[in-house]
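# Coordinates in review
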Amino acid sequence: MTPEAFRVAGRATVDWIADFLADIGDRPIVPPVAPGDVRASLPASPPLEGEPYTALLDDVDRLIAPAITQWQHPGFYGFFPANSSPPAVLGELLSAGLGANGMLWSTSPACTELETHVLDWLAEACGLPDRFRSDGPGGGVIQDTASSASLCAVVAARDRSGGAAVLPDLRVYTSAQAHSSIEKDVLVAGFARDQLRAVPVDDTYAMDAEALAALVATDVADGLVPCLVVATVGTTSSGAVDPVPRIAEVAAEVGAWVHVDAAWAGSATVCPEHRHLLDGLDRVDSYLFNPHKWLLTNFDCSAFYVADAAPLVSALSIVPEYLRNEASESGQVIDYRDWQIPLGRRFRALKLWFVMRSYGVEGLRAHIRAHVAAAGMLADRVAAHPGLVHAAPPSLGLVCFRHVDGDEASKRLLEAMNATGEAFLTHTLLSDRYVLRVAVGGTWTTAAHVERLADLLDELA
Ligand code: PLP
């Protein structure tokens, strides 16, 4: 495809996306697709000769778009919504167009320096402690996912505590409500399953810090080494917030690394009224949140901050001859390949930069506030409904509830809600009971959509 042909095809593609977004609310959220349907609609073998671009875009229109779950639909309340926005999409397009790989500073200086700068902006916008800014020993990096960023924290903590030589003695602690990625990361980092302690939670599903202290004390008495505590700010099942200040205190007594996973809730801290979510962060080693969940930036974009990059770089840096270069050896540049698992890296900072400049911090705040207010209204409607009961305290944009008639009634309600085609909810288990989750946070979701959701609940519960 020549640059001229690209110009035409690119315009057609942007037009297609604009139409798709304009009509997104008219599409079914969950596609009527059975396993194998999509593959059956595609040719068995690749074309021998190149096809015209119009044929490709037609097939996206005909075969692909109708067979995706519409995460951008305003009625999507499942899991945590994956935000996207037109400026982010354009940043992504430019990233692909520039085609740079920012594995080293020298392989694309702007890729690295814009990332450092935008993550400092994000730290300022979110009120993060200065220790996470790039002008000290720490700073931020964009990873693909929270899962990968947490893996980096696990590996850095493991090696800071002595690494492979003492691995069998090391212990990791996280709450029973932590995201499953933490367990996966701990296993990937070479720990055995029983080296991960599941700390009990309190009535609000937040980590019981005194139970943590007791587990740590027992392990120390047994000659074991607590190496990492992972706290969650905004758990996946119910939005619970672990008591980070006390957790940091317990960890400090034994020199354990503290990592805070705020994958979803972290975006809310652009609003000063939600900065209590950052309590204790001035004493932790690493922190992450996902702008791709609630900050108008399309997947993938996970912001990972460390107070001191040295243990991370020491755990992850391997320098073969073919990557040696003057800039790296000068010690004056960041090579982000040493802050992540893969070598190569995309230019993700562009989309975050575009989002921050297009909306401004006030625009981002308005986005969060609209969702938190709408979720508050929904929480009131749930509380007033005789057939429903809150399953956990409402948290930011997340409302969790169940049917008073038990699990089967809750399941039937979820199915009935999703069958309307107007809303998509997912479920979880809290205290072994089936719970419906409504995560208000879609880019195109307004208070009116959430009112409609509450009306549907009135009709169906
Ligand atoms: N941590 C928490 C608290 C989450 O809610 C999620 C996903 O919902 C994750 C981690 C995993 O996120 P990612 O898909 O970016 O790995």
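Since we're looking at a predicted model, the values are computed, not measured. (Residues numbered from 1 in each chain as written. Predicted model: local features only at pLDDT ≥ 70, side-chain atom pairs only at ≥ 80, totals over all residues. Heavy atoms only, no water.)

## A few points about the domain arrangement of the chain
Along its sequence, the chain is carved into domain 1 (3-68), domain 2 (93-354) and domain 3 (362-460). When each unit is reduced to the centre of its C-alpha atoms, the spacing between domain 2 and domain 3 is 30 Å. Taken together, both faces of the contact between domain 2 and domain 3 bury some 1800 Å²; the carbon and sulfur share is 65%. When the buried surface of domain 2 facing domain 3 is broken down by residue, Tyr205, Trp294 and Leu296 rank first, second and third, together holding 35% of it. Inspection of the region where domain 2 meets domain 3 yields one salt bridge. A salt bridge links Arg369 to Glu273; the shortest N-O distance between them is 2.6 Å. At the surface where domain 2 touches domain 3, the tally comes to eight residue pairs in polar contact (both at pLDDT 80 or more). Split by residue class, the side of domain 2 that touches domain 3 holds 12 nonpolar, nine polar and two charged. (Domains from an automatic or database assignment. Buried area = accessible area lost by both parts, 1.4 Å probe. Salt bridge = Lys/Arg side-chain N within 4 Å of Asp/Glu carboxyl O. Polar contact = N/O pair within 3.5 Å; in protein donor to acceptor, adjacent residues only side chain to side chain. Nonpolar A, V, L, I, M, F, W, Y, C, P; charged D, E, K, R; others polar.)

## A look at a negative patch on the surface
Together, Asp15, Asp19, Asp23, Asp26, Asp58 and Asp61 line one region of the surface with negative charge. Counting residues per element, the ones that place at least two in the negative patch are α1 (3-22) and α3 (53-64). Its location among the elements puts Asp15 in helix α1. For Asp15, a relative accessible area of 48% translates into the label partly exposed. (Patch = residues over 30% accessible without salt bridge, like charges linked within 9 Å, V, L, I, M, F, W, Y side chains within 5 Å. Areas by Shrake-Rupley, 256 points an atom, 1.4 Å probe, with all protein chains shown as cover. Lys, Arg positive; Asp, Glu negative; His and termini not counted. Charge placed at Lys NZ, Arg CZ, Asp CG, Glu CD. Helix = DSSP H or I, 4+ residues; strand = E, 2+ residues; numbered from the N terminus. Buried < 20%, exposed > 50% of the residue type's maximum accessible area, 1.4 Å probe, protein only.)

## Structural notes on the sheet that holds strand β5 (residues 257-261)
Read across the open sheet, the seven strands follow the order β1-β7-β6-β5-β4-β2-β3; overall the sheet is mixed. A strand with exactly one partner marks an edge of an open sheet, and here the two such strands are β1 (139-143) and β3 (196-199). The sheet shows a mean angle of 20 degrees between the axes of neighbouring strands, taken without regard to direction. Bridge analysis of strand β2 (residues 170-175) against strand β4 (residues 225-232) gives five bridges, and the strand direction is parallel. Within β4, the residue paired with Arg171 across the bridge is Pro226. Seen against the sheet, helix α9 (residues 244-254) touches β4 and β5 and runs at an angle of roughly 170 degrees to β4. (Pairing = 2+ DSSP bridges. Axes fitted to C-alpha atoms, helices over the stretch in contact; angles between N-to-C directions. Contact = heavy atoms within 4.5 Å.)

## Considerations on the environment of Glu124
Turning to its location among the elements, Glu124 is positioned in helix α5 (residues 109-126). Sequence separation between Glu124 and Pro52 is 72 residues, and the spatial gap between their C-alpha atoms is 47 Å.

## Examining the sheet that holds strand β9 (residues 398-403)
As summarised here, the arrangement of the four strands in space is β8-β9-β11-β10, forming an open sheet in which the pairing is antiparallel. Each edge of the open sheet carries a strand with a single partner, namely β8 (388-390) and β10 (426-430). Averaged over all neighbouring strand pairs, the angle between strand axes comes to 40 degrees, with direction disregarded. As defined by bridge partners, β8 adjoins β9 across three bridges and the pair is classed as antiparallel. Bridging across to β9, Val389 finds its partner in Arg402. Relative to β9, helix α13 (residues 349-384) is tilted by about 15 degrees, and along the sheet it contacts β8, β9 and β11 (433-439). Sheet strands touched by helix α14 (residues 407-419): β8, β9, β10 and β11. Its angle to β11, the strand with the most contacts, is close to 30 degrees.

## With respect to the site of the ligand
Around the ligand, the structure places 13 residues, and the nearest of them are Ala146, Ser147, Thr236, Asp261 and Asn290. Here an oxygen atom of the ligand and a side-chain polar atom of Thr236 are 2.8 Å apart. One nitrogen or oxygen atom from the side chain of Asn290 is found 2.9 Å from an oxygen atom belonging to the ligand. If the ligand stood free it would expose 400 Å²; the protein chains cover 87% of that surface. Elements represented by at least two residues in the shell around the ligand include exactly α6 (146-160) and α10 (291-294). Partitioning the shell around the ligand into residue classes produces three nonpolar, eight polar and two charged. (Near = heavy atom within 4 Å.)

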